[in-house]
Amino acid sequence: MKASSSRRAVRMGDQIMREVGTLLVEEAADPRLQLVTLSGVRMNANLRIAEIFYTVSGDADHRKEVQTGLEKASGFLRSRLGRNLKLQFIPELRFVFDDFLEDVVYGKPSA
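Residues numbered from 1 in each chain as written. Predicted model: local features only at pLDDT ≥ 70, side-chain atom pairs only at ≥ 80, totals over all residues. Heavy atoms only, no water.

Concerning the overall build of the protein chain
So, step 1. A tally of helices and strands in the protein chain yields three helices and three strands.
So, step 2. The secondary structure elements of the protein chain, listed N-terminal to C-terminal, are α-β-β-α-β-α.
So, step 3. Relative to the compact-globule value of 13 Å for 111 residues, the protein chain shows a C-alpha radius of gyration of 14 Å, a close match.
So, step 4. Over its C-alpha atoms, taken along the principal directions, the protein chain stretches across nearly 40 × 35 × 20 Å.
So, step 5. For the protein chain, the residues scored as buried account for 36% of the 111 residues in total. (Helix = DSSP H or I, 4+ residues; strand = E, 2+ residues; numbered from the N terminus. Rg over C-alpha atoms; globule rule 2.2 N^0.38 Å. Buried < 20%, exposed > 50% of the residue type's maximum accessible area, 1.4 Å probe, protein only.)

Below, the structure is given as structure tokens:
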């Protein structure tokens, strides 16, 4: 995915991160999605795909459960984004585990 650094992409990414965070806290009923922290959103060049970076504590099995829960909730989140943001086109939501902080804090070597 070719990421965009345009002002519009950055503003849209910020809006999406704010709304998805609010929806996860207030409306998501899936217990797997508790204590998920969104760390950023990266939009592609034509604003059709939003990669949402998240962190969560726990082992690899817990991360897989959270990833599954987020992928399952993506349709719900996308429909609510369409209602709340009133955009002509709602981007596809892709969730990516953000291990940057973990690498910095624990000093894990990169492969």
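Observations concerning the packing of aromatic side chains
For any two aromatic rings, the description comes down to two numbers: the centre-to-centre distance and the angle of the planes.
So, step 1. Scanning the entire structure with this criterion turns up one aromatic pair.
So, step 2. Taking NZ or CZ as reference, Arg-48 lies 3.9 Å from the ring centre of Phe-89, over its face.
So, step 3. Looking at Arg-78, its charged tip hangs above the ring of Phe-89, at a distance of 5.8 Å from the centre. (Phe/Tyr/Trp six-rings, centres within 6.5 Å; stacked < 30°, edge-to-face > 60°. Lys NZ or Arg CZ within 6 Å of the ring centre and 35° of its normal.)

Brief notes about the sheet that holds strand S2 (residues 49–55)
So, step 1. A sheet is described by the order of its strands in space; here three strands give the open sequence S1-S2-S3, paired in mixed fashion. Either end of the sheet is taken by a strand with one partner, and the two such strands are strand S1 (37–43) and strand S3 (92–97). With direction set aside, neighbouring strand axes in the sheet form an average angle of 25°.
So, step 2. Examined bridge by bridge, S2 and S3 share six bridges and lie parallel to one another. (Pairing = 2+ DSSP bridges. Axes fitted to C-alpha atoms, helices over the stretch in contact; angles between N-to-C directions.)

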